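# Structural characterization, general
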Amino acid sequence: MIKSAVLTGPTGVLGTALTEILAENGVETYVVCHTKSLRNNAIIVHPCVRKIECDLESLDKLPNLLRRKVEAFFHLAWIGSRGIDNRANMYLQNMNVKLTVDSVHVAKKLGVKVYVGAGSQAEYGRVNGIIHPYSPVNPVSGYGVAKLCAGYMTRFLCKEYGIRHIWPRIVSVYGKNDTSKTLINVLISKLQKGERPQLTAGEQMWDYLYAGDAAEALYLMAEKGKDGAVYVLGSGRSRKLKEFMLDIRNLVNKDIPLGLGEIPYLPDQAMHLQADIETLQRDTGWEPKTDFITGIRFLLNQ
């Protein structure tokens, strides 16, 4: 059982959920957050959770700040993961690779036994269908290239340092503390204001995973995941996107019609995105527990 962990990126949708999972399991968790960030107030108050204000660029200071050994390192922090401009910013994404590599050097100094990163389905590029861990990688954005590069480089370093390395490639996670610009949050916001949202036709098949379930998967990867493994992290099931949107509408405001088909698809729109979670299930025993409607109810009642 993991007894102690470092977590970067604790204020995002997945970091928030992972902090809670680690605390629930009695893991002494050191959450590394940006100095004086207002989002730090969202980190849960728990006897097992300790905030460490340390910017990513200063991560080499972490061993002196902690002054103790730690068993697991979860590196979720990433700058510029949202927005087309950020994802296409090669200098920004290249800096993320360096910062991720830096995190492995810090992990070594902390005596870490297992390192869990945060990859992305963007590493596979334009996939239409089920994404397997062994599916060919062909990223089409600076973000996807950087994630792929970070995954390879951290794996090589972890092997050199004798650290077990796990690299999940995440599909679509939703939950509290997510950015306001996601489709789910934009839709909820408009419906709560009584506005009719303009949407695509929503015919694409999509795979949504509740953040609490995703966090539990990361925790079990650290506990039981195979060294060098790549796991595709999603629910393993897909439905038409418009069905998800109708679920949200029916929960928030049934009287407002959805403007389905009123805006076009993106030129490179993926029409089928679904995770193959068989290897993850076999190695860790993880199963997604939260259906979409329940997850949205959690989100609405947060």
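Here is a short report on the structure shown in this document.

The rules we used
Residues numbered from 1 in each chain as written. Predicted model: local features only at pLDDT ≥ 70, side-chain atom pairs only at ≥ 80, totals over all residues. Heavy atoms only, no water. Helix = DSSP H or I, 4+ residues; strand = E, 2+ residues; numbered from the N terminus. Buried < 20%, exposed > 50% of the residue type's maximum accessible area, 1.4 Å probe, protein only. Contact = heavy atoms within 4.5 Å. Areas by Shrake-Rupley, 256 points an atom, 1.4 Å probe, with all protein chains shown as cover. Lys, Arg positive; Asp, Glu negative; His and termini not counted. Charge placed at Lys NZ, Arg CZ, Asp CG, Glu CD. Core = buried A, V, L, I, M, F, W, Y, C linked by side-chain atoms within 4.5 Å. Axes fitted to C-alpha atoms, helices over the stretch in contact; angles between N-to-C directions. Left-handed = near helix turned anticlockwise from the far one by under 90°. Expected span 1.5 Å × (residues − 1). Phe/Tyr/Trp six-rings, centres within 6.5 Å; stacked < 30°, edge-to-face > 60°. Arc of directions from axis to C-beta. Polar contact = N/O pair within 3.5 Å; in protein donor to acceptor, adjacent residues only side chain to side chain. Pairing = 2+ DSSP bridges. Parallel < 35°, antiparallel > 145°, perpendicular 65-115°, else oblique. Nonpolar A, V, L, I, M, F, W, Y, C, P; charged D, E, K, R; others polar.

Attention now moves to the overall build of the protein chain. For the protein chain, the helix and strand inventory stands at 10 helices and 14 strands. With the C-alpha coordinates of the protein chain rotated into their principal frame, the extents come out at 55 × 40 × 40 Å. Among the 302 residues that make up the protein chain, the fraction classed as buried is 53%. Relative to all contacts within the protein chain whose residues are 6 or more apart in sequence, the contacts with residues 24 or more apart total 75%. Of the roughly 14200 Å² of accessible surface on the protein chain, a fraction of 51% belongs to carbon and sulfur atoms. Where the 37 positive side-chain charges of the protein chain centre and where its 30 negative ones centre are 4 Å apart.

As a further point, take the nonpolar core. Counting residues in each nonpolar core, the largest one holds 93 residues, and the members touching the most others are Val-6, Leu-62, Phe-73, Phe-74, Ile-184, Leu-218 and Leu-233. Per-element tally for this core: the top contributor is helix H7 (residues 211-224), with nine residues. Other than its neighbours up to four places away in sequence, Phe-73 contacts Val-6, Thr-8, Leu-59, Leu-62, Ser-103, Val-106, Ala-107, Leu-110, Val-112, Val-114, Tyr-115 and Val-116.

This brings us to the packing of helix H6 (residues 183-192) against helix H8 (residues 241-252). Contact pair H6 / H8: the axes reach a minimum separation of 10 Å and the direction vectors enclose 35°. You can see that H6 and H8 cross each other, and the crossing is right-handed. Counting all contacts with H6, which are made through Leu-183, Ile-184, Leu-187, Ile-188, Leu-191 and Gln-192, the residues of H8 involved are Leu-241, Met-245, Ile-248, Arg-249 and Val-252.

Moving on to H7. Compared with the 20 Å implied by 1.5 Å per residue over 14 residues, the 20 Å span of H7 between its first and last C-alpha is a close match. Burial of H7 is extensive: 11 of the 14 residues sit out of reach of the surface. Among the residues making up H7, those that are buried are Ala-211, Asp-213, Ala-214, Ala-215, Glu-216, Ala-217, Leu-218, Tyr-219, Leu-220, Met-221 and Ala-222.

Take the packing of aromatic side chains next. Per the stated rule, a full pass over the model turns up 10 aromatic pairs. An angle of 15° between the planes, with centres 6.5 Å apart, marks the rings of Tyr-152 and Phe-156 as stacked. Separated by four residues within a single helix, Tyr-152 and Phe-156 lie in helix H5 (residues 142-161), roughly one turn from each other. A relative accessible area of 56% places Phe-156 in the exposed class.

Turning next to H6. Buried within H6 are the following residues: Ile-184, Asn-185, Leu-187, Ile-188 and Leu-191. Angularly, the buried residues of H6 cover 160° about the axis, an arc narrow enough to put them on a single face. Contacts from the buried residues of H6 go to strand E9 (173-174), H8 and helix H10 (292-300). Of the residues flanking the end of H6, it is Gly-194, one or two places downstream, whose phi is positive at about 80°.

As a further point, take the side chain of Asp-283. Locating Asp-283 in the fold gives a position in helix H9 (residues 278-284). Looking at Asp-283, its side chain comes within polar contact range of the side chain of Tyr-231, at 2.7 Å. Once you skip the residues sitting within four places of it in the chain, Asp-283 turns out to touch Lys-224, Lys-226 and Tyr-231.

Next up on the list: the pairing of strand E8 (residues 164-170). Taken across its seven residues, E8 has six buried, putting it largely inside the fold. Bridge count between strand E5 (residues 114-116) and E8: three bridges; the pairing is parallel. The residue bridging Val-116 from the neighbouring strand is Ile-166, located in E8. One ladder, built from two bridges, connects strand E6 (residues 119-120) with E8; its direction is parallel. The residue bridging Gly-119 from the neighbouring strand is Arg-169, located in E8. Note: E8 against strand E12 (residues 229-233), five bridges, orientation parallel. Counted as the bridge partner of Pro-168 is Tyr-231 from E12.

On to the packing of helix H4 (residues 90-109) against H5, then. Where H4 meets H5, the closest approach of the two axes is 9 Å, and the angle between their N-to-C directions is 20°. Between H4 and H5, the angle is such that the two are roughly parallel. The chirality of how H4 crosses H5 is right-handed. In this structure, H4 contributes Met-90, Gln-93, Val-97, Thr-100, Val-101, Val-104, His-105 and Lys-108 to the contact, and H5 contributes Gly-142, Tyr-143, Ala-146, Cys-149, Ala-150, Met-153, Thr-154, Leu-157, Cys-158 and Tyr-161. Counted by class, the contact of H4 with H5 contains 12 nonpolar, five polar and one charged residues.

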